[in-house]
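Structural description and commentary
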Amino acid sequence: MNKKYGSYVYVRMLRYVLLWILTPIFAIAGERPTDMSPFLEAHCYECHDDGMSKADLNLLDLKFSPDDPDNFATWERIFRKVHEGDMPPKDNDRPDSEELKVFLASVANPLDQIDRALIKEKGRVQARRLSCEEYEYSLHDLLGVGVKLSESLTADTEEGFTNTAAHQQLSHFHLANYLNAADTALDEAFSRILEKEPNFEKHYGIKDLTDKLRKGNYRGPEPKENDVIAWSMRVQFYGRLPKLKVPEDGWYDITIHSVSGINRGDDEVTWGLLTTGSGYSNEPLQYTVGIIEGAKKPSDRSFRAWIRKGHCLIIKPAEAGAKTAKSNLKGKDGGTVIFDDRDMKAEGCQGIRFSSITIKRVHPNGSRADVMENLFPGITESELRKGPPEPATEATRLLKHFAKHAFRRPVDSASLAPYEKLVTDSLASGKDFTQAMRYGYHAILCSPNFLTFHEKPGRLDDYAIASRLSYMLWKSIPDKHLLALADAGTLNDPAIITKEIDRMLASPKSTRFVTSFTEQWLELRDIDATQPDEKRFRSFDPILKESIIAETRAFVSELINNDLPIGNLLQSDFSYLNTRLQSHYGYKNIELQPGNGLQKVSLPSDVRSGLLTQAAILKVTADGSVTSPVVRGVYVNEKILGHHIDPPPPNIPAIEPDTRGAISVRDQLEKHRDSKSCASCHAKIDPAGFALEEFDPIGNYRKFYGAWNKSAKVNPSGITPDGNTFKNYNGWRDIQLSKPEKLAEAFAGQILRYGTGGELRFSDKEALKKITEKSRSTDYGVRSLIKATLTSSLFLEK
């Protein structure tokens, strides 16, 4: 990249960021209510005055100045605690309903007025930028390339949703990486249209798959008749196929032909893992592509994966508990794998049998013609090589077209002028037409108009609505159809928006939404944050991990696609299982076809149903050894029930888990509940957590914390905050299902956060109720809730 040009772009970006960071937050003054004091004197000062300030809260001296953000947050917390019944403590004298109503109104009304005034002036959402995921997908769709960029960008925070404005940062590290990532993407795009596009496709037979057999350091499969067999072995990097290296970074379609299983398990499948990597200790990291199901009947298995240059495929059985063999008859577990004079099948080892492999380079985000249309529409091949007759005129046309898609709105002449000058100056300095245009495109991709969202307070214009819809459902720029609707000024019509939601959810790009939303809302991105104890949970393996994630994503997709009621989060009569999950959950009477992957099945009425009892959810809410009702309780309250949980006081020690299972976690929690400062929160947290104690850290149903009848017994009973008792998860679930509107409101809140990049505001309560009410006729269908949210004022205003 030209150094002078790079400095110019960097300085412009840095100046914008400083202005963005230093913009003052608007505040307005509010008046102190006069009818608040009687309630505070009667119910609050005893524990929260200048003599005793429990939870560091002195209400006697606390001013009512909600124009100050910190003061507003304090009074909002006070309102929430009183409104939800946490305060005054339940063993104190309770206020009567009229007294409570007057106090809550005295706090809520001015807070609501101030919040609405602030939103009117500045909007619900402050300035925000593209997340790493949004940036990568935007470049993919804008250019038609598929190059991986997220690994080279500054990582987003994993607190809440990655696009939440309040959690985002924009530093010089972000800017430098944006510059480099834009270069990388443009390199890919321009090389595909200016150079001969590589056409890599190879078929690998037995000779290739067993390359270097009987030579030093061989770690590949065993040739057997017309096939090869990858056996279950302990030796490191076993299963590597070094002849199958790819020539360059890129997306590849992989087909493993005639796959079957040897010494299949009880579910009639031998489970294997396909990864990529160098296959050697100097670069040990491997990247999972997918799981391989070796059934009795041979069949082809197809995958699509991003593979790094010089990396090869690695195939091996990977089911926990399966017998593994040493690398040779001498009993050593390293060095060269030798199959001579051995009968691996007779030894009882599992094997993945296959005949050959085909690898083909693909461009899933666009053909060369698509890239050409994105960058040089209306330009012939000859003009691309030699330059058009009127380069300056053509440059303006191309820049205007590209900038409209990158900035997600039309660009006026004044805004386009700096990019035109950059291109014309480059042409004048002797650069050819494509080089000059590349400079212009790069500058556009580094512009704040591309990197950040520009939304004005009040009702969003049609282009801002198009952007919100596309980044909500596709994580990327609006397509031509959305922009055409914005050009026509019709995107403020709820009927049009509803139709567009259906169109966009029907697109393959909507899988980005399901993947991204479940990773963040349900925290599936943390599936590897802890590793289950290998001695206690020996059945957990990469096969199970991949399967439980796929189950939850398929389940959520089904809820959306078929507009199923929100109650399915807690109780459902179906799920998506493969035979590995069927064995894990202990379902003996469900019919599945071995080797057919995830299959929709009807579930029996027992202890497990709904999202919360799926193994992926139960794993991300536990550590590798034990479960915690507190962790799971907080998760359920915040993700499913819509309750905010305050962090614990700093002087309260954490519970030390008893990994032996001799003492129940319920007994350990009693000391926390003895404290008034802890009791109110635990009354809300613990019920859901206790109910889920029926499930261990990897999702197995249990009745004891350790060995059967030799450890503490699980007690999943409890009392909900409103006084309802339950004996187990099913009892707790039924209590929650009696209030489906609460589940619906909580889900709508999650969609709103994810779709706007803003947190829920104090004044959003009534609007959220209207959203849920609109979906009542469908039993609060998940798709209906999404539509109601995306056509609401909360989504369609800044």
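Placed above this text is the structure.
Residues numbered from 1 in each chain as written. Predicted model: local features only at pLDDT ≥ 70, side-chain atom pairs only at ≥ 80, totals over all residues. Heavy atoms only, no water.

A short note on the packing of aromatic side chains
Summed over the entire model, instances satisfying the criterion amount to 28 aromatic pairs. Ring geometry for Tyr-135 and Tyr-178: centres 4.8 Å apart, planes at 40°, overall tilted. Residue Tyr-135 is located in helix 5 (residues 132-144), and its partner Tyr-178 is located in helix 6 (residues 172-194); the two are separated by 43 residues in the primary sequence. Grouping residues by exposure puts Tyr-135 and Tyr-178 together as buried. Consider the rings of Phe-695 and Tyr-701, whose centres lie 6.1 Å apart with planes at 65°: the pair is edge-to-face. Cluster of aromatic residues (ring-pair linked, three or more members): Phe-161, Phe-513, Phe-517, Trp-521, Phe-747 and Tyr-754. A cation sits over an aromatic face here: Arg-408 above Phe-453, 5.2 Å from the ring centre. In this structure, Lys-600 packs its charged tip against the face of Phe-574, placed 5.0 Å from the ring centre. (Phe/Tyr/Trp six-rings, centres within 6.5 Å; stacked < 30°, edge-to-face > 60°. Helix = DSSP H or I, 4+ residues; strand = E, 2+ residues; numbered from the N terminus. Buried < 20%, exposed > 50% of the residue type's maximum accessible area, 1.4 Å probe, protein only. Lys NZ or Arg CZ within 6 Å of the ring centre and 35° of its normal.)

Looking at helix 15 (residues 480-488)
Among all positions in helix 15, only Leu-482, Leu-483, Leu-485 and Ala-486 are buried. One side of helix 15 holds all its buried residues, which, seen down the axis, span an arc of 155°. Away from the buried face of helix 15 by more than 90 degrees, exposed residues Lys-480 and Ala-488 are located. Packing partners of the buried residues in helix 15 comprise helix 10 (391-407), helix 14 (462-473) and helix 16 (494-505). Positive backbone phi, approximately 75°, marks Gly-489, located one or two places after helix 15. (Arc of directions from axis to C-beta. Contact = heavy atoms within 4.5 Å.)

Observations regarding the sheet that holds strand 6 (residues 270-277)
Here we have four strands laid out as an open sheet, ordered 4-9-6-7, and antiparallel in their pairing. The open sheet terminates on both sides in strands that have one partner only, identified here as strand 4 (240-241) and strand 7 (287-294). In this sheet, strand 9 (residues 312-317) lies alongside strand 4 in antiparallel orientation, the contact comprising two bridges. The partner of Arg-240 across the bridge, within strand 9, is Ile-314. (Pairing = 2+ DSSP bridges.)

Description of the pattern of salt bridges
Any two side chains of opposite charge can pair, given that their charged atoms come close. In total, this model carries 46 salt bridges according to the counting rule given. Here Lys-81 and Asp-646 are joined by a salt bridge, their closest N and O atoms 3.3 Å apart. Residue Lys-81 is located in helix 3 (residues 69-83), and its partner Asp-646 is located in the loop between helix 21 (629-641) and helix 22 (665-673); the two are separated by 565 residues in the primary sequence. Look at Lys-81 and you get buried, because its relative accessible area is 10%. Asp-646 sits in the buried class, given a relative accessible area of 12%. Between Arg-503 and Glu-500 there is a salt bridge; the shortest N-O distance is 2.8 Å. Of this pair, Arg-503 and Glu-500 both sit in helix 16, three residues apart, which is roughly one turn of the helix. (Salt bridge = Lys/Arg side-chain N within 4 Å of Asp/Glu carboxyl O.)

None of this, on its own, says anything about what the molecule does.
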